[in-house]
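Analysis of the macromolecular model
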Amino acid sequence: MEKLIIAPTSETPEINFDGENGMFKISGKSYPENVNTFYNQIFDYIEKYKQKPATTTTVEFFWLYYNTATNKMIMRIIMFLKDASPQYKIKWYFKKGFELIEEKGTEIKEILDINLETIEI
Amino acid sequence: MYSLYETFTKEKISLAYFGVFNDNITEMLIDLSETYVSKTEHLTKISRKASFLIAESFQNLIRHGIIEKKTISEIQYNRDFYQISIEADRIIITSANILENKHIDTLNNKIEQINSLSPKELKELRKSILLNGTISEKGGAGLGLIEMVRKSGLPLQKKFIPLTKGYCLLVLGIELPIDSEITENKINIDSIEKFYKKLVEEEILLLYKGDFSSSSNSNLIKMLSNNFLKNGEIDPKKLKNIVAIIEVMQNVSKHGKEIEGLKEGIFAIKELSGELYIECSNFINKADYILLKTKLKEIKSSNTEELNKMYKEKMANSYLSDDDNGGLGLLEIARFTKNNFTYNFVETTENEIFYSIKIKTV
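Here's a quick rundown of the structure. (Residues numbered from 1 in each chain as written. Chains lettered and ligands numbered in written order. Predicted model: local features only at pLDDT ≥ 70, side-chain atom pairs only at ≥ 80, totals over all residues.)

1. Side note on the overall build of chain A
Applied cut-off: Numbering of helices and strands starts at the N terminus; helices are DSSP runs of H or I of at least 4 residues and strands are runs of E of at least 2. Counting other C-beta atoms within 10 Å of a residue's C-beta gives its exposure: the residue is buried at 20 or more, exposed at 12 or fewer, and partly exposed in between, where C-beta atoms are placed from the backbone. By definition, residues are in contact whenever their C-beta atoms, placed on the basis of the backbone, come within 7 Å of each other.
When helices and strands are tallied, chain A shows 3 helices and 6 strands. Going residue by residue from the N terminus, the α and β elements of chain A occur as β-β-β-α-β-α-β-α-β. In terms of overall dimensions, chain A has C-alpha extents of about 40 × 30 × 25 Å along its principal axes. Buried residues in chain A amount to 36% of all 121 residues. In chain A, 67% of the contacts between residues at least 6 apart in sequence involve partners at least 24 apart.

2. A short note on the sheet that holds strand 1 (residues 4-6) of chain A
In any sheet, the strands associate via hydrogen bonds between backbone groups, in a parallel or an antiparallel arrangement. Residues and elements named next belong to chain A. To be explicit about the condition: Pairing between two strands is assigned when DSSP locates at least 2 bridges connecting them. Geometry is summarised by axes, namely lines fitted to C-alpha atoms with helices restricted to the contacting stretch, and by angles between N-to-C directions that run from 0 to 180 degrees.
With mixed pairing, the 6 strands of this open sheet are ordered in space as 1-2-3-4-5-6. Strands at the two margins of the open sheet, each flanked by one partner only, are strand 1 and strand 6 (117-120). Across this sheet, the average inter-strand angle for adjacent strands is 15 degrees, counted without regard to direction. As judged from the 7 bridges shared by strand 4 (residues 56-66) and strand 5 (residues 87-94), these two strands associate in the parallel manner. Counterpart to T57 in the pairing with strand 5 is Y88. Its contacts with the sheet put helix 3 (residues 99-112) on strand 4, strand 5 and strand 6, and the angle it makes with strand 5 is roughly 155 degrees.

3. A look at the interface of chain B and chain A
Rules: Residues are grouped as follows: Ala, Val, Leu, Ile, Met, Phe, Trp, Tyr, Cys and Pro are nonpolar; Asp, Glu, Lys and Arg are charged; all remaining types, including Gly, are polar.
If you look at the interface, chain B gives 25 residues, while chain A gives 21 residues. In terms of residue count, helix 10 (residues 239-255) of chain B provides more of the side of chain B that touches chain A than any other element does, 8 residues in total. Of the residues assigned to the side of chain B that touches chain A, the class counts are 11 nonpolar, 8 polar and 6 charged.

4. Some points on the nonpolar core
Residue and element names in this part refer to chain B. Heads up, the condition is: Defined on buried residues, the nonpolar core groups Ala, Val, Leu, Ile, Met, Phe, Trp, Tyr and Cys residues joined through C-beta atoms within 7 Å.
Ranked by size, the top nonpolar core spans 102 residues in total, and within it L206, A244, I245, V248, M249 and I333 carry the most contacts. Element by element, the count of residues in this core is highest for helix 10, at 9 residues. Counting residues in hydrophobic clusters, the runner-up holds 5 residues, among them F283, I284, F354 and Y355.

5. So, the packing of helix 5 (residues 104-116) of chain B against helix 7 (residues 143-152) of chain B
Residues and elements named next belong to chain B. Definition in use: Any angle from 65 to 115 degrees is called roughly perpendicular, while one under 35 is roughly parallel, one over 145 is roughly antiparallel, and all others are oblique. Whether a crossing is left-handed or right-handed is set by the direction in which the near helix is turned from the far one by less than a right angle, anticlockwise for left-handed and clockwise for right-handed.
At a closest axis distance of 10 Å, the pairing of helix 5 and helix 7 adopts a crossing angle of 30 degrees. With respect to helix 7, the element helix 5 is oriented roughly parallel. As helix 5 packs across helix 7, the resulting crossing turns out to be right-handed. Between helix 5 and helix 7, the residues in contact are K110, I111, I114 and N115 and L145, I146 and V149, respectively. Here the residues of the contact of helix 5 with helix 7 are counted per class, giving 5 nonpolar, 1 polar and 1 charged.

6. Let's talk about the packing of helix 3 of chain A against helix 12 (residues 304-318) of chain B
Viewed as axis vectors pointing N to C, helix 3 of chain A and helix 12 of chain B meet at an angle of 60 degrees, and their least axial separation amounts to 10 Å. It follows that helix 3 of chain A is oblique to helix 12 of chain B by the angle criterion. Our pair here, helix 3 of chain A against helix 12 of chain B, has a crossing hand that is right-handed. Here E107, E110 and I111 of chain A of helix 3 of chain A lie close against helix 12 of chain B, whose contacting residues are K312, M315 and A316 of chain B.

7. Things to note about unusual backbone geometry
For residues other than glycine, phi is negative in most cases, and the peptide bonds are mostly trans. If you check the backbone angles, D113 of chain A has positive phi at about 55 degrees while not being a glycine. In this structure, D113 of chain A sits in the loop between helix 3 and strand 6. At E203 of chain B, a position not held by glycine, the phi torsion is positive, near 55 degrees. By the secondary structure assignment, E203 of chain B is in the loop between helix 8 (189-201) and strand 6 (204-211).

8. Comments concerning the pairing of strand 4 (residues 157-162) of chain B
Two elements, strand 4 of chain B and strand 5 (residues 167-177) of chain B, share 6 bridges in a ladder whose sense is antiparallel. Across the sheet, the residue bridging to K158 of chain B is L172 of chain B, located in strand 5 of chain B.

9. Considerations on helix 9 (residues 214-225) of chain B
Definition in use: To estimate how far a helix should extend, the number of its residues minus one is multiplied by 1.5 Å.
With 12 residues, helix 9 of chain B should cover 16 Å at 1.5 Å per step; its first-to-last C-alpha distance of 16 Å lies within 8% of that length. Counting buried residues along helix 9 of chain B, 9 of its 12 residues qualify, which places the element largely inside the surrounding structure.

10. Topic: the pairing of strand 12 (residues 341-347) of chain B
Two strands pair when backbone bridges link them, and strand 12 of chain B and strand 13 (residues 352-360) of chain B are joined in this way by 7 bridges, in the antiparallel orientation. Looking across to strand 13 of chain B, one finds that N344 of chain B is bridged to S356 of chain B.

11. So, the environment of I278 of chain B
Residue and element names in this part refer to chain B. Tracing the backbone through its elements, the reader meets I278 in strand 11 (residues 275-285). I278 gets classed as buried once you count the C-beta atoms within 10 Å, which come to 23. For the pair I278 and S128, spaced 150 residues apart in sequence, the C-alpha separation works out to 49 Å. Residue contacts for I278: discarding those within four places in its chain leaves A244, I245, V248, I269, I359 and T361.

12. Quick look at helix 13 (residues 328-336) of chain B
Counting buried positions along helix 13 of chain B yields 8 of 9 residues, so the element is predominantly enclosed. What helix 13 of chain B keeps buried is the set L328, G329, L330, L331, E332, I333, A334 and F336 of chain B. Against the buried residues of helix 13 of chain B lie helix 2 (68-82) of chain A together with helix 10, helix 11 (286-300), helix 12, strand 12 and strand 13 of chain B. K338 of chain B occupies a position one or two residues after helix 13 of chain B and carries a positive phi of about 55 degrees.

Structure (structure tokens):
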């Protein structure tokens, strides 16, 4: 499976998906007004990945900030990937001082009732 | 806000800005203007000239901007100001910046001289300065002023407003006609002075009237986020403000009523008693008014715990659907501001309501 690499813009995040090895990394900012335009390509990739997933799926987020519409997309990505492999890991990185991002991660963990590790870097 | 909105009768789009003047802001202002200009067919022919004039007048502000802030902090009208307005027949760029009185005569004479010259004479003068000219101690040679008149084709409007402590405020107006047949100035420099003073007195740092479509929003958000940086990095303490601005603007874009092809609205950042407020207003259909009012009332009467519960429930129920966020943005604003926001509705016509939301930033 080919990688999906998308460079960041001022309002969309950097995407580094490696389906072959089950690694999904998203980082930066995300506040596109029409989230579907950007995130549809991500869901298309995830759909393909689910046909031949790795043994462990690892999802890593490293956000600076995002809007509420993106929050929905993040939850969707997590739920779509969570059941793709027998095992999953979700790592939620945040910069020192960015407690807001940490709180957002904890909140998603509660809403979706999943294993999500918040990590300060 | 509605009374402020009503002062913009002729302007399709207008941005007045007090704040950090640097090259990044110049770029974003040009982007913002270009977004509008490129969308408006009859403006495309002057877009390059417009970008040039915006950049030139802005650089003029940076070059001649306040240097010794401490000395002049006691003067009331001591803030550098910049405004760009797009009207039906011209683009108007105005700026105001503090000058030491000792520069008045030289600058006044220079502007008078430039204004009196024909296009041919201006070209000659430019050439002569480039060949033998002197560079002023502020880094300019008067070339910027010459280029402003050459590109716009109309004389510069100016006024030196006396301040205290040996300083004055230079208000400068540039007009770029959309049609080359226009040969007369229209700016009333006194009304610009009045507008500038009104904004200073109301402690407005930024005022934008115009389009809130997604392309315009994107540039505005970039520009505003820049004001919340610390040493070039995002200040984590200001994150909530950035996200609140995004939610407020995207809310207008999604739910605002379209008027003549524009999602028209007005946005202001105010500094009242040392606290920063964001205020945004737009027109909505009367049919949506009751629902929005009910939603806002419910949010305002909720405490932090209830707001968090509402947000989580709404998020859990809606994340798999492509439907509109259904108030998630408003809930996020309420959570981020600890419910420190107010709202207001003004009935303007039978079918239209002018809706405003004012947020206290953190």
